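# Structure at a glance
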Amino acid sequence: SDKHCFELYGYDIMIDDALKPWLIEVNASPSLTADTASDHALKCGMLDDLLDVMDLEERRQGDETQIGGFDLIFNGAHVRPARPMSVQSCLGCYNDRIQVKQKAQREMLKARAQQQAGK
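Looking now at the confidence of the model for the protein chain. Counting all residues, the mean pLDDT for the protein chain is 78, and 79% of those residues have values of 70 or more. The least confident element of the protein chain, judged by mean pLDDT, is strand β4 (residues 70-71) at 72; the most confident is strand β2 (residues 21-27) at 93.

Next up, the structure:
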């Protein structure tokens, strides 16, 4: 329960012709090597999101519903998406990473400016 530790798991999922997901295996030490450009982009994006969730710069307020490529779906109760959707959770199906990162950057700069003004 040390807040300075984390684990990264890799989930191998196969989707059948009826679009049903099947969990194949869970890897405790997933490979981060990339064989293709798309694999590289996927893994670099995942690592970027992981660092956003870890919040090493302590930029988060604690009330965010979206961080990096991840959506908050439960916080004592079910969290509803901010925009009308046909499904009950975003679960990453719509997540404009660039827009989320730009918003986080604006909020961090605003907080930093407020901090500087208070000194």
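A few words on the pairing of strand β1 (residues 10-15). Where β1 and β2 come together, 6 bridges link them in antiparallel fashion. Paired with D12 across the two strands is E25, which belongs to β2. A loop of 5 residues connects β1 with β2, the two strands running antiparallel in sequence, and L19 in this loop sits at a positive phi of about 65°.

The backbone of L19 sits at a positive phi, close to 65°, despite the residue not being glycine. Tracing the chain through its elements places L19 in the loop between β1 and β2. The class of L19 is exposed, set by a relative accessible area of 69%.

Before going further, it helps to examine the side chain of K43. Note that K43 resides in helix α1 (residues 37-54). The exposure class assigned to K43 is buried, which follows from its relative accessible area of 16%. Within the local environment of K43, its side chain forms a polar contact with the backbone oxygen of S31, the two atoms lying 3.4 Å apart. Apart from residues lying up to four places away in sequence, K43 is in contact with S31, L32 and T33.

Quick look at the environment of K20 now. Inspection of the secondary structure puts K20 in the loop between β1 and β2. On the basis of relative accessibility, which here comes to 44%, the residue K20 falls in the partly exposed class. Once you skip the residues sitting within four places of it in the chain, K20 turns out to touch M14 and I15.

Before going further, it helps to examine the environment of T33. Counting through the fold element by element, T33 comes out in the loop between β2 and α1. Judged by relative accessible area, which is 54%, T33 ranks as exposed. Sequence separation between T33 and K43 is 10 residues, and the spatial gap between their C-alpha atoms is 8.3 Å. Ignoring anything within four residues of it in the chain, the contact list for T33 reads D39 and K43. A polar contact is formed between the side chain of T33 and the side chain of S31, at a distance of 2.8 Å.

Parameters at a glance
- Residues numbered from 1 in each chain as written.
- Predicted model: local features only at pLDDT ≥ 70, side-chain atom pairs only at ≥ 80, totals over all residues.
- Heavy atoms only, no water.
- pLDDT = per-residue confidence, 0-100.
- Helix = DSSP H or I, 4+ residues; strand = E, 2+ residues; numbered from the N terminus.
- Pairing = 2+ DSSP bridges.
- Buried < 20%, exposed > 50% of the residue type's maximum accessible area, 1.4 Å probe, protein only.
- Polar contact = N/O pair within 3.5 Å; in protein donor to acceptor, adjacent residues only side chain to side chain.
- Contact = heavy atoms within 4.5 Å.

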